[in-house]
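These are the residues of each chain, in order.
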2 protein chains.
Amino acid sequence: MQLPPLVQTFVLHFGEMGSRWGINRTVGQIYAVLFVAERPLNADEIVERLGVSRSNVSMGLKELQAWNLVRLQHVPGDRRDYFATPEDIWQIVRTLVEERKKREIDPTLTLLRELLMQEAATEAEQHAQVRLGEMHDLFELFAGWYADVRRLDTDRLVQLLTLGSKVQKVLDMKDRLTSLPGRLGGRTAKRG
Amino acid sequence: MQLPPLVQTFVLHFGEMGSRWGINRTVGQIYAVLFVAERPLNADEIVERLGVSRSNVSMGLKELQAWNLVRLQHVPGDRRDYFATPEDIWQIVRTLVEERKKREIDPTLTLLRELLMQEAATEAEQHAQVRLGEMHDLFELFAGWYADVRRLDTDRLVQLLTLGSKVQKVLDMKDRLTSLPGRLGGRTAKRG
DNA sequence: TAGCAATTTCAGAAATTTCTGAAAAGTCGA
DNA sequence: TCGACTTTTCAGAAATTTCTGAAATTGCTA
């Protein structure tokens, strides 16, 4: 691995974290290298810096592009593909929110819907369906939340996160000023 | 695997999703079985339903307890340990928020702090530090957000998620009624 | 302390994921 | 169309993670 110490530490850490974020080590490292790079890099430059195989970098870049976490660019007079992370760090947040929804929420929501349509034969299944109903409502709430957050522009996103401990106060305020639709406590919001 | 079809489908799916959520298949399946169960189950009952080894269930339960996702109970006159998922599904949300922070945010935040303390020798390292500074601020914002959300009671949590497409409106409202601390756009909020 | 029931530990087996090298496919200018 | 350069694919190797069975440990009762 051919990197200044400070950068190397960051890249290695990001590689390890990758596995906790659903991407593999090399993909995490590639992202990290591109994130701190002063200019777009081509695949061979990444190979050089990380000391992994060319094919591994190729696959990693493909995955990062699928996640919309890196952008393909071209340098005039150079046929090779160059890659960079989007300049706006907030774009990353929006991307991650979107991908998480797609990978972690939506598939389960689809399955839960199907299971709730089925006829429960036994008593055990009936009880299970009640529980699955609760989970369905929870996931649906999350799906909506993620979808909404994704649509926020950067300023609003920053605001939302900066609210911090004031979330409580703002919710109180909202409470006073608007009427809430439907029932909320206990069983989560009722479907259909 | 000894389960009614509907439950089996759910359990298998949850096992697969587990890997996307940073837990392994069996751990996901154990959680799923407990979630739909009508009463607390002991380890052997879980072994029976899932068809995995006793030791695997033991380790899985240990991990779920570490995550605070299952609770150990005792049945009078029975020496065995019984396990159940907390009755309040919103407790799960709070738990997951907390664990995500602990596993995904905090370690990176710590590292970034350290790297920002270091003296940058080269120009490349100086540029890297600027980028790491941006990432640090982002992670700090997230850490604060997670910490705040974790503290919300169930009603507020439901409210927050139910806001849905009204997030934008509420932020506008907040904008008008309160003064915002510090700078927000462009470079994320400045440190110390 | 012995004897039994339950749980935990852990080394190695099995399964899965990641990575590589070699070959194939794509792209461009002449 | 050829040839040089670049990227992609993919079968098998390597690494990692998960799972198991056997043994050790814990805890209880007598």
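Residues numbered from 1 in each chain as written. Chains lettered and ligands numbered in written order. Predicted model: local features only at pLDDT ≥ 70, side-chain atom pairs only at ≥ 80, totals over all residues. Heavy atoms only, no water.

**Structural notes on the protein's contact with DNA strand D**
- Around DNA strand D lies a shell of 16 residues, among which A:Arg79, B:Thr26, B:Ser53, B:Ser55 and B:Arg79 are the nearest.
- When the atoms of DNA strand D within 4 Å of the protein are grouped by moiety, sugar and phosphate amount to 61% of the total.
- At a separation of 3.4 Å, a phosphate oxygen of DNA strand D approaches a polar side-chain atom of B:Asn24.
- In the model, a phosphate oxygen of DNA strand D is placed 3.0 Å from a nitrogen or oxygen of the B:Asn56 side chain.
- Contributions of two or more residues to the surface near DNA strand D are made by α4 (54-66) of chain A together with α4 (54-66) of chain B.
- When residues of the surface near DNA strand D are assigned to their parent elements, the largest contribution, four residues, is made by α4(A). (Near = heavy atom within 4 Å. Polar contact = N/O pair within 3.5 Å; in protein donor to acceptor, adjacent residues only side chain to side chain. Helix = DSSP H or I, 4+ residues; strand = E, 2+ residues; numbered from the N terminus.)

**Focus: the side chain of A:Glu125**
- You can see A:Glu125 is positioned in helix α6 (residues 123-151).
- When sequence neighbours within four positions are dropped, the list of residues in contact with A:Glu125 reads A:Ala120, B:Pro4, B:Pro5 and B:Leu6. (Contact = heavy atoms within 4.5 Å.)

**Topic: the sheet that holds strand β2 (residues 71-74) of chain A**
Residue and element names in this part refer to chain A.
- Across the sheet, which stays open at both edges, the three strands sit in the order β1-β3-β2 with antiparallel pairing between neighbours. The open sheet is flanked by β1 (41-42) and β2, the only strands paired with a single partner.
- Sheet topology places β1 next to strand β3 (residues 81-84); two bridges connect them, and they run antiparallel. Bridge pairing links Leu41 to Phe83 in β3. (Pairing = 2+ DSSP bridges.)

**Thoughts on the packing of aromatic side chains**
Residues and elements named next belong to chain B.
- Counting across every chain of the model gives 14 aromatic pairs over all chains.
- Ring geometry for Phe10 and Phe35: centres 6.5 Å apart, planes at 45°, overall tilted. Highlighted residues: Phe10 in helix α1 (residues 5-20) and Phe35 in helix α2 (residues 25-36), separated in sequence by 25 residues.
- Owing to a relative accessible area of 1%, Phe10 belongs among the buried residues under this scheme.
- What makes Phe35 buried here is its relative accessible area of 1%. (Phe/Tyr/Trp six-rings, centres within 6.5 Å; stacked < 30°, edge-to-face > 60°. Buried < 20%, exposed > 50% of the residue type's maximum accessible area, 1.4 Å probe, protein only.)

**Brief notes about the interface of chain B and chain A**
- Across the contact, 71 residues belong to chain B and 71 residues belong to chain A.
- Surface buried jointly by chain B and chain A totals about 7200 Å² across both partners, of which 71% is contributed by carbon and sulfur atoms.
- Considering only the surface of chain B that becomes buried against chain A, B:Leu6, B:Arg131 and B:Trp145 emerge as the three largest contributors, covering 10% of it.
- One can count two salt bridges joining chain B with chain A.
- Linking B:Glu104 and A:Arg100 is a salt bridge whose minimum nitrogen-to-oxygen distance equals 3.1 Å.
- In this structure, the connection of chain B to chain A is made through 14 residue pairs in polar contact (both at pLDDT 80 or more).
- At the level of elements, α1, α2, α5 (89-117), α6 (123-151), α7 (154-162) and α8 (167-177) of chain B are the ones that each hand at least two residues to the side of chain B that touches chain A.
- Per-element accounting of the side of chain B that touches chain A gives the leading share, 16 residues, to α6(B). (Buried area = accessible area lost by both parts, 1.4 Å probe. Salt bridge = Lys/Arg side-chain N within 4 Å of Asp/Glu carboxyl O.)

**Focus on the relation of the copies chain B and chain A**
- Overlaying chain B on chain A yields an RMSD of 0.0 Å, the required transformation being a rotation through 180° with an accompanying axial translation of 0.0 Å. Expressed as an axis order, the relation between the two copies is that of a two-fold axis. (Least-squares fit on C-alpha atoms with pLDDT ≥ 70 in both.)

**A word on the protein's contact with DNA strand C**
- The immediate surroundings of DNA strand C are formed by 16 residues, with A:Thr26, A:Ser53, A:Ser55, B:Lys62 and B:Asp81 found nearest.
- Taking the atoms of DNA strand C that fall within 4 Å of the protein, sugar and phosphate contribute 65% of them.
- Between DNA strand C and the protein, one listed contact pairs a phosphate oxygen with a side-chain N or O atom of B:Lys62 at 2.9 Å.
- In the model, a phosphate oxygen of DNA strand C is placed 2.8 Å from a nitrogen or oxygen of the B:Asp81 main chain.
- Counting residues per element, the surface near DNA strand C draws most heavily on α4(B), at four residues.
- When grouped by side-chain class, the residues that make up the surface near DNA strand C number two nonpolar, seven polar and seven charged. (Nonpolar A, V, L, I, M, F, W, Y, C, P; charged D, E, K, R; others polar.)

**Concerning the confidence of the model for chain A**
- Across chain A, the average pLDDT comes to 86, with 89% of residues at 70 or higher.
- Across residues 180-192 of chain A, where pLDDT falls below 50, the model places 23 contacts with residues more than four positions away in sequence or in other chains. (pLDDT = per-residue confidence, 0-100.)

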